Amino acid sequence: AQKVTQAQTEISVVEKEDVTLDCVYETRDTTYYLFWYKQPPSGELVFLIRRNSFDEQNEISGRYSWNFQKSTSSFNFTITASQVVDSAVYFCALSEDILTGGGNKLTFGTGTQLKVEL
Amino acid sequence: DAGVTQSPTHLIKTRGQHVTLRCSPISGHKSVSWYQQVLGQGPQFIFQYYEKEERGRGNFPDRFSARQFPNYSSELNVNALLLGDSALYLCASSLMLSETEAFFGQGTRLTVV
């Protein structure tokens, strides 16, 4: 069975600081996807990034970047130059059933509450 | 274009009652999934439907059921409500079964008293 662990329950930073959110996952599959979602107080989960298990290349998208390392089963997410609007709960998620469920059958971590203060 | 819409947004029910939650996917999306998010936890997968057929079920009791209609909208039903069923219920839709990006609605906040 798959499992996602987010050890950081809450992080507080000052605006413009960089912040990294940690995620460790467990799966027996060789084919899977990893995701990061953001959940503002309104409750809606907002898709941020996706990475498949065959591509360990780390990328940057605007202020977001991620570090995927299969050797340590980690998928960390970094926000550069944080802003107050980044304050939210961030969830890491794993999808194993690529052919039958794709991104719709997700296993989520417990989330990290990010607070960005002025 | 409208996103995933869920109704109602908030609901208060009494223990033992029945509840029906509704979800309208993004236009053209054929896959709908339901998640339960208890306060302070991550969402947990309940069901996935595609083309009106159940394609996945999470570890939830038989009191939970769902269905998908010809227009791809979906209902989640919960019978014999327990206090522990109090949660945010999220619906997600995607274009196809194997689509890897799911779009979430704002959820229905269910409180059981």
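Keep in mind that what you see is a predicted model, and the values were worked out from it rather than measured.

Each value, and the rule that gives it
Residues numbered from 1 in each chain as written. Chains lettered and ligands numbered in written order. Predicted model: local features only at pLDDT ≥ 70, side-chain atom pairs only at ≥ 80, totals over all residues. Heavy atoms only, no water. Salt bridge = Lys/Arg side-chain N within 4 Å of Asp/Glu carboxyl O. Helix = DSSP H or I, 4+ residues; strand = E, 2+ residues; numbered from the N terminus. Buried < 20%, exposed > 50% of the residue type's maximum accessible area, 1.4 Å probe, protein only. Pairing = 2+ DSSP bridges. Axes fitted to C-alpha atoms, helices over the stretch in contact; angles between N-to-C directions. Contact = heavy atoms within 4.5 Å. Polar contact = N/O pair within 3.5 Å; in protein donor to acceptor, adjacent residues only side chain to side chain. Nonpolar A, V, L, I, M, F, W, Y, C, P; charged D, E, K, R; others polar. Core = buried A, V, L, I, M, F, W, Y, C linked by side-chain atoms within 4.5 Å. Disulfide = S-S within 2.5 Å.

A. Highlighting the pattern of salt bridges. All names here are of chain B. Evaluation of the coordinates by the stated rule reveals 8 salt bridges over all chains. Its salt-bridge partner being E51, residue K30 comes within 3.6 Å of it at the nearest N-O pair. Linking K30 in the loop between β3 (19–24) and β4 (31–37) with E51 in the loop between β5 (44–50) and β6 (53–57), this pair joins segments that are 21 residues apart in sequence. Assessed through its relative accessible area of 26%, K30 is described here as partly exposed. A relative accessible area of 31% means that E51 is categorised as partly exposed. A salt bridge links E75 to R67; its shortest N-O distance comes to 3.3 Å. By sharing partners, the salt bridges in this structure join R22, R67 and E75 into a single network.

B. Inspection of the sheet that holds strand β1 (residues 5–7) of chain B at higher detail. Residues and elements named next belong to chain B. What the 4 strands build is an open sheet, ordered β1-β3-β8-β7; its pairing is antiparallel. The open sheet has two edge strands, β1 and β7 (64–68), and neither has a second partner. Across this sheet, the average inter-strand angle for adjacent strands is 15 degrees, counted without regard to direction. Bridge count for β7 against strand β8 (residues 74–78) is 5 bridges, and the pairing is antiparallel. Opposite F64, over in β8, you have V78 as the bridge partner.

C. Geometry of the interface of chain B and chain A. Tallying the contact residues gives 27 residues for chain B and 23 residues for chain A. Between B:E101 and A:R50 there is a salt bridge, with its nearest N and O atoms 3.8 Å apart. In this structure, the connection of chain B to chain A is made through 3 residue pairs in polar contact (both at pLDDT 80 or more). Going through the elements one at a time, β4, β5, β6 and β9 (87–94) of chain B are the ones with two or more residues in the side of chain B that touches chain A. Looking at side-chain class alone, the side of chain B that touches chain A contains 10 nonpolar, 14 polar and 3 charged residues.

D. Seen up close, the pairing of strand β11 (residues 108–112) of chain B. Residues and elements named next belong to chain B. The two faces of β11 differ: T108, L110 and V112 on one face are buried, but R109 and T111 on the other face are not. Relative to β11, β9 is paired through 3 bridges, and the arrangement is antiparallel. Each bridged residue has a counterpart across the sheet, and for L88 the counterpart in β11 is R109.

E. How the structure looks around the side chain of A:T107. Residue and element names in this part refer to chain A. Note that T107 resides in strand β11 (residues 107–108). Of the polar contacts made by the side chain of T107, one reaches the side chain of Q2; its length is 3.2 Å. Sequence-distant contacts of T107, defined by excluding residues within four places in its chain, comprise Q2, V4, C92, A93 and L94.

F. The arrangement of the side chain of A:S65 in detail. Residue and element names in this part refer to chain A. Its location among the elements puts S65 in strand β8 (residues 64–69). Owing to a relative accessible area of 16%, S65 belongs among the buried residues under this scheme. Setting aside residues no more than four positions away along its own chain, S65 makes contact with E59, I60, N76, F77 and T78.

G. Expanded view of the nonpolar core. Residues A:W36, A:F75, A:F77, A:Y90 and A:L114 are the most contacted members of the largest nonpolar core, which totals 24 residues. No other element matches the 4 residues that strand β10 (residues 88–95) of chain A contributes to this core. The next biggest cluster of nonpolar side chains, apart from the first, holds 22 residues, and it includes B:V19, B:I46, B:C91 and B:V112.

H. Structural context of the state of the cysteines. Applying the stated criterion across every chain, the model contains 2 disulfides over all chains. Residue pairing for A:C23: its cysteine sulfur links by disulfide to A:C92, the two sulfurs lying 2.0 Å apart. Negative torsions about the S-S bond denote left-handed disulfides, and the value of about -65 degrees found for A:C23 with A:C92 makes this one left-handed. With A:C23 in the loop between β3 (19–21) and β4 (24–26) and A:C92 in strand β10, this residue pair connects regions lying 69 residues apart in the sequence. A:C23 gets classed as buried once you look at its relative accessible area, which sits at 0%. The disulfide bridge from B:C23 ends at B:C91, spanning 1.8 Å between sulfur atoms. Its S-S torsion of about -65 degrees marks the bond between B:C23 and B:C91 as left-handed, since a negative value means left-handed.

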